[in-house]
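# Chain and residue survey
Each chain is listed here by its residues.
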Amino acid sequence: MPDPIPQPSPDPETALLLSHLDAQRDHVLGILEGLDEDALRRPVLPSGWSCLGLVRHLTVDDERFWFRRVVAAEQDLLDRPDDVVEDAWRVGADVSSAEVFGRYRQEIGRANAIITASALDTPPAWWPTDLFGTWRLHDLREVILHVITETACHAGHLDAARELIDGRAWLVLSE
């Protein structure tokens, strides 16, 4: 197997933002560690999403959408408008949890490569005005901060779901 393509070392601010983003990604993966297939697929809130569906949402609607579509404008993704309306929150029975987690990790790797290869003041190469109207993120820095916020919010959702499933809590501070 050939050696991986070396990535440039990010500048200090990029490294800081990336470390915070990675911490939230690790939280998402860590809080779900040890759950079996049934628990990962079980909806525990009235809205009906499952832990696995939330991970797929982060994969498709956050990591892939914001970094590969918006920041990098990867043509193969821009040419597939059905990707935008894909119901990422629903995971079919034919899709294993290993596949969902594998795709999440793969998109994280691709996003990190885009982040480390780009300056933080790089404007989005593509913007979905049909989805967002006049609201806009102006550069990679804002995109990273947006994805950190989104991932942290969903990590909290997963904390609550995990506690409802089996009582496990991610971070317990004791006096």
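Residues numbered from 1 in each chain as written. Predicted model: local features only at pLDDT ≥ 70, side-chain atom pairs only at ≥ 80, totals over all residues. Heavy atoms only, no water.

## With respect to the side chain of Asp-139
- Relative to the assigned elements, Asp-139 resides in the loop between α7 (129–132) and α8 (140–166).
- We classify Asp-139 as buried; its relative accessible area is 14%.
- A distance of 3.2 Å separates the side chain of Asp-139 from the backbone nitrogen of Arg-141, its partner in a polar contact.
- Within polar-contact distance, the side chain of Asp-139 engages the backbone nitrogen of Glu-142 at 2.9 Å.
- Among residues more than four places away in sequence, those in contact with Asp-139 are Leu-120, Asp-121, Thr-122, Pro-123 and Pro-124. (Helix = DSSP H or I, 4+ residues; strand = E, 2+ residues; numbered from the N terminus. Buried < 20%, exposed > 50% of the residue type's maximum accessible area, 1.4 Å probe, protein only. Polar contact = N/O pair within 3.5 Å; in protein donor to acceptor, adjacent residues only side chain to side chain. Contact = heavy atoms within 4.5 Å.)

## Examining the nonpolar core
- Ranked by internal contacts, the top residues of the largest apolar core, which has 23 residues, are Leu-32 and Leu-158.
- Among the elements of the structure, α1 (12–32), α2 (37–41), α3 (51–71), α6 (97–117) and α8 are those that each provide at least two residues to this core.
- Top contributing element to this core by residue count: α3, with 5 residues.
- Residues contacting Leu-32, with those up to four places away along its chain left out, are Leu-40, Cys-51, Val-55, Phe-101, Leu-158 and Arg-162.
- Counting residues in hydrophobic clusters, the runner-up holds 19 residues, among them Leu-17, Leu-21, Ile-114 and Ile-144. (Core = buried A, V, L, I, M, F, W, Y, C linked by side-chain atoms within 4.5 Å.)

## A word on α3
- Helix geometry: α3 is bent most strongly at Phe-65, by close to 50 degrees.
- Burial of α3 is extensive: 20 of the 21 residues sit out of reach of the surface.
- Immediately beyond the C-terminal end of α3, within one or two residues, lies Ala-73, with a positive phi of roughly 50 degrees. (Bend = angle between axes of the 7 residues up to and from the residue.)

## Here we look at the environment of Arg-168
- Its place among the elements puts Arg-168 in the segment after α8.
- For Arg-168, a relative accessible area of 29% puts it in the partly exposed group.
- When the C-alpha positions of Arg-168 and Leu-32 are compared, they lie 9.6 Å apart, and in sequence the two are 136 residues distant.
- The residues touching Arg-168, leaving out its near neighbours within four places in the chain, are Gly-30, Ile-31, Glu-33, Asp-159, Arg-162 and Glu-163.
- Among the polar contacts listed, one links the side chain of Arg-168 to the backbone oxygen of Gly-30, at a separation of 3.1 Å.

## Regarding the packing of aromatic side chains
- By the definition in use, this model includes 10 aromatic pairs.
- Ring geometry for Trp-66 versus Trp-127: centroids 5.8 Å apart, planes at 50 degrees, classification tilted. One end of the pair, Trp-66, is in helix α3; the other, Trp-127, is in the loop between α6 and α7, with 61 residues separating them in the sequence.
- By relative accessible area, Trp-66 is classed as buried at 3%. (Phe/Tyr/Trp six-rings, centres within 6.5 Å; stacked < 30°, edge-to-face > 60°.)

## A short note on the side chain of Thr-151
- Structurally, Thr-151 can be placed in helix α8.
- Using a relative accessible area of 0% as the deciding quantity, one classes Thr-151 as buried.

## As for the environment of Leu-58
- Assignment of secondary structure puts Leu-58 in helix α3.
- A relative accessible area of 1% means that Leu-58 is categorised as buried.
- Setting aside residues up to four positions removed in sequence, Leu-58 forms contacts with Val-28, Glu-63, Tyr-104, Glu-150, Thr-151 and His-154.

## Quick look at unusual backbone geometry
- Its identity as a non-glycine residue notwithstanding, Ala-73 has a phi of 50 degrees, on the positive side.
- Looking at the secondary structure, you find Ala-73 in the loop between α3 and α4 (75–78).

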